Amino acid sequence: MIPMRALVIEDDAAIRRFLKKGLREASFAVDVAEDGAVGHEMACVEKYDIIILDLMLPGKEGLSVLRDLRESGDTTPVICLTARDAVEDRVEGLDLGADDYLSKPFSFAELLARIRALLRRGRTVVNSPIKVADLTIDLLAHSVERAGKRIDLSAREYALLEYMARHVGEVLARTMILEHVWDMNQDPLTNIVDVHINRLRKKIDHGFSQPLIHTIRGVGYVLREDTT
């Protein structure tokens, strides 16, 4: 799955941590808010691919957040979480523009499946392997090979490589990589991108005559076959 950004608006600390951990392991960059008003402001300022919205929130209740987002023209897919079982509550949320509902307690596997289903509706998802020279990235299996040799990557390394592969030949600034592969809480001056690029180089390029990950000084990084 392409590295994407998720916003979790949930006041229960345990559920918030659970969702943040699970989504990060699924290669999402995750921002969290424990207050409805703060969550609404974050959704207005940042661009997200999916919003997980609890309905019972301090500051501003979930349905009000949803209503204001839709009235402002925001079409980001929203999955509502609720402890309420009343049909009328779910109907109201759907009428206001919710894309899906999950009742607490819920299975994270089911939530992830629903997220994937919503994301498939909104965009063309390319699931065929991406090949750059002798490097093959299987988007369905989340596996990577070079010259037939399997390369083991961490979840974050894979997310970084997939993001670069989906933009093969394009120079990606560090800020762009931070925005799509990490979350907004990362210090923009951090060297975390450079650290992970170096780790990727050791796994992807080390031992091969042709490097595929290139540094564009003063700009960023690019994944491409060097034809020079």
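A brief structural summary. In this text the structure is predicted, and so the values were computed from the model without any measurement. (Residues numbered from 1 in each chain as written. Predicted model: local features only at pLDDT ≥ 70, side-chain atom pairs only at ≥ 80, totals over all residues. Heavy atoms only, no water.)

1. Notes on the packing of helix 6 (residues 155–166) against helix 7 (residues 174–181)
Then, in step 1: Contact pair helix 6 / helix 7: the axes reach a minimum separation of 10 Å and the direction vectors enclose 125 degrees. Of the possible angle classes, the one that applies to helix 6 and helix 7 is oblique. Considering how the two elements wind past one another, helix 6 and helix 7 form a crossing that is right-handed. Residues R156, A159, L160 and Y163 of helix 6 form the contact with helix 7, whose own contacting residues are M176, I177, H180 and V181.
Then, in step 2: Partitioning the contact of helix 6 with helix 7 into residue classes produces six nonpolar, one polar and one charged. (Axes fitted to C-alpha atoms, helices over the stretch in contact; angles between N-to-C directions. Helix = DSSP H or I, 4+ residues; strand = E, 2+ residues; numbered from the N terminus. Parallel < 35°, antiparallel > 145°, perpendicular 65-115°, else oblique. Left-handed = near helix turned anticlockwise from the far one by under 90°. Contact = heavy atoms within 4.5 Å. Nonpolar A, V, L, I, M, F, W, Y, C, P; charged D, E, K, R; others polar.)

2. Things to note about the nonpolar core
Then, in step 1: Counting 28 residues, the largest nonpolar core has I137 and I177 as its most contacted members.
Then, in step 2: Elements with a contribution of two residues or more to this core: strand 6 (130–132), strand 7 (135–138), helix 6, helix 7, helix 8 (192–204) and strand 12 (220–223).
Then, in step 3: The biggest single contributor to this core is helix 6, with seven residues.
Then, in step 4: Excluding residues that lie within four positions of it along the chain, I137 makes contacts with P129, I130, S143, V144, Y158, L161 and A165.
Then, in step 5: Formed by 21 residues, the second largest nonpolar core is a distinct cluster that contains I79, F106, L111 and I115. (Core = buried A, V, L, I, M, F, W, Y, C linked by side-chain atoms within 4.5 Å. Buried < 20%, exposed > 50% of the residue type's maximum accessible area, 1.4 Å probe, protein only.)

3. Overview of the sheet that holds strand 2 (residues 28–33)
Then, in step 1: Reading across from one edge, 2-1-3-4-5 is the order of the five strands in this open sheet, with parallel pairing throughout. Among the strands making up the open sheet, the edge pair consists of strand 2 and strand 5 (100–103). Averaged over all adjacent pairs, the angle separating strand axes in this sheet is 20 degrees, with direction ignored.
Then, in step 2: Sheet analysis places strand 1 (residues 4–9) next to strand 3 (residues 50–54), joined by four bridges and oriented parallel. Its bridge partner being in strand 3, V8 is matched across the sheet by I52.
Then, in step 3: The sheet contacts of helix 3 (residues 62–71) involve strand 1, strand 3, strand 4 (78–82) and strand 5, and relative to strand 3 the element is tilted by about 145 degrees. (Pairing = 2+ DSSP bridges.)

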